Amino acid sequence: MADPVNPPGAPSARGRDARARLLDAAVQAFAARGFHGTTTRDIASAAGMSPAALYVHYGSKEELLHEISLAGHRTALGICEQAVAASEQPAEQLRVLVRDFVRHHAANNTVARIVNYELGALAPEHRAEIDGLRHAMDVLVRDLVRRGVRDGEFDTPEPAVTGAALLSLGIDVSRWYAAGGWSPDQVADHYAELALRMVGASGSSPG
């Protein structure tokens, strides 16, 4: 009988642990040195493994970057999709989307910096996959702003540009955020209010 926990072809628990250690080590190394400044030896050493052991689980450091980037973008897209599904009102959808999107990028700023600012190091086929996820987020947010304008909840002359700006602001939080100042919740709540002002939401304060 097949093992329901470890089906045929799935990595063992020990293998999953090793992959997780390598991913954590890659995040720290990429954050400290950048992708191009990091060697596979750096990653293996931080994970407590030999360089040869890394290649048991990953073919290259680019594969590690791809897995980190793929997980991060899927999470970000999921946040956007859940926000839109949480309400039927564009203003509430946007408030929740920006709040949760910004909180994610602040609370996970180390990983988010790698996910968003090391895209140029991805192999073409991996970059295309990530670009597809980023495009899906762009379309979702732009459509949300357009619906808000159509329904009379928002007042902005360029919904597409405004939608792109909203995502860019949220992503950029990972670049400058550092623990010890504002909390992720404080930043997220403030950005949510800024977002409503940007789209000219009914009842939002211009000040």
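All of these numbers come straight from a predicted model, not from anything done at the bench. (Residues numbered from 1 in each chain as written. Predicted model: local features only at pLDDT ≥ 70, side-chain atom pairs only at ≥ 80, totals over all residues. Heavy atoms only, no water.)

1. Brief notes about the overall build of the protein chain
Assigned secondary structure in the protein chain consists of nine helices and zero strands. In sequence order, the secondary structure elements of the protein chain are arranged as α-α-α-α-α-α-α-α-α. Across the protein chain, contacts joining residues at least 24 apart in sequence account for 68% of those joining residues at least 6 apart. For the protein chain, the accessible surface area stands at approximately 10700 Å², while carbon and sulfur atoms represent 54% of it. (Helix = DSSP H or I, 4+ residues; strand = E, 2+ residues; numbered from the N terminus. Contact = heavy atoms within 4.5 Å. Areas by Shrake-Rupley, 256 points an atom, 1.4 Å probe, with all protein chains shown as cover.)

2. A short note on the nonpolar core
Ile 43 and Leu 94 are the most contacted members of the largest nonpolar core, which totals 56 residues. It is helix H4 (residues 61–85) that contributes the most residues to this core, nine residues altogether. In contact with Leu 94, other than residues within four places in its own chain, are Leu 144, Phe 154, Leu 166, Ala 195, Leu 196 and Val 199. (Core = buried A, V, L, I, M, F, W, Y, C linked by side-chain atoms within 4.5 Å. Buried < 20%, exposed > 50% of the residue type's maximum accessible area, 1.4 Å probe, protein only.)

3. Here's the deal with the layout of surface pockets
Quantified by volume, the largest pocket comes out at close to 260 Å³. Looking at the largest pocket, it is lined by 21 residues, and the ones nearest its centre are Ile 68, Ala 71, Gly 72, Val 111 and Val 115. The set of elements that each furnish at least two residues to the lining of the largest pocket consists of helix H1 (13–33), H4, helix H5 (90–107), helix H6 (109–117) and helix H7 (124–150). Residue contributions to the lining of the largest pocket peak at seven residues, all from H4. (1 Å grid on protein atoms, 1.4 Å probe; cavity = no way out; pocket = protein on both sides within 12 Å on 5 of 7 lines; lining within 4 Å. Points joined across faces, edges and corners; volume = space filled by probe spheres on them.)

4. Quick look at the pattern of salt bridges
Inspection of every chain in the model, using the stated rule, returns twelve salt bridges. Where Asp 17 meets Arg 21, a salt bridge forms, and the shortest distance between an N and an O atom there is 3.7 Å. Residue Asp 17 and its partner Arg 21 are located together in helix H1, separated by four residues, close to a single helical turn. Relative accessible area serves as the criterion here: at 34%, Arg 21 is assigned to the partly exposed category. Salt bridges linked by common partners bring Arg 99, Asp 100, Arg 103 and Asp 185 together as one network. (Salt bridge = Lys/Arg side-chain N within 4 Å of Asp/Glu carboxyl O.)

5. Brief notes about empty space enclosed by the protein
Taken as a whole and assessed by the stated rule, the structure comprises one cavity of 30 Å³ or more. The wall of the largest cavity is formed by Val 98, Val 102, Leu 166, Leu 169, Gly 170, Tyr 191, Leu 194, Ala 195 and Met 198. No other element matches helix H9 (residues 184–198), which puts four residues into the lining of the largest cavity. A breakdown of the residues in the lining of the largest cavity according to their chemical character gives eight nonpolar, one polar and no charged. (Nonpolar A, V, L, I, M, F, W, Y, C, P; charged D, E, K, R; others polar.)

6. Some details on helix H8 (residues 159–176)
Taking 1.5 Å of rise per residue, 18 residues should cover 26 Å, and H8 covers 26 Å from first to last C-alpha, within 8% of that figure. Those residues of H8 lying buried are Pro 159, Thr 162, Gly 163, Leu 166, Leu 167, Gly 170, Ile 171, Val 173 and Ser 174. Close packing links the buried residues of H8 with H5, H6, H7 and H9. (Expected span 1.5 Å × (residues − 1).)

7. Here we look at the packing of H8 against H9
Contact pair H8 / H9: the axes reach a minimum separation of 11 Å and the direction vectors enclose 160 degrees. Between H8 and H9, the crossing angle belongs to the class labelled roughly antiparallel. Crossing of H8 over H9 shows right-handed handedness. Residues Thr 162, Ala 165, Leu 166, Leu 169, Val 173 and Trp 176 of H8 pack against Val 187, Tyr 191, Ala 195 and Met 198 of H9. The residue inventory of the contact of H8 with H9, partitioned by class, reads nine nonpolar, one polar and no charged. (Axes fitted to C-alpha atoms, helices over the stretch in contact; angles between N-to-C directions. Parallel < 35°, antiparallel > 145°, perpendicular 65-115°, else oblique. Left-handed = near helix turned anticlockwise from the far one by under 90°.)

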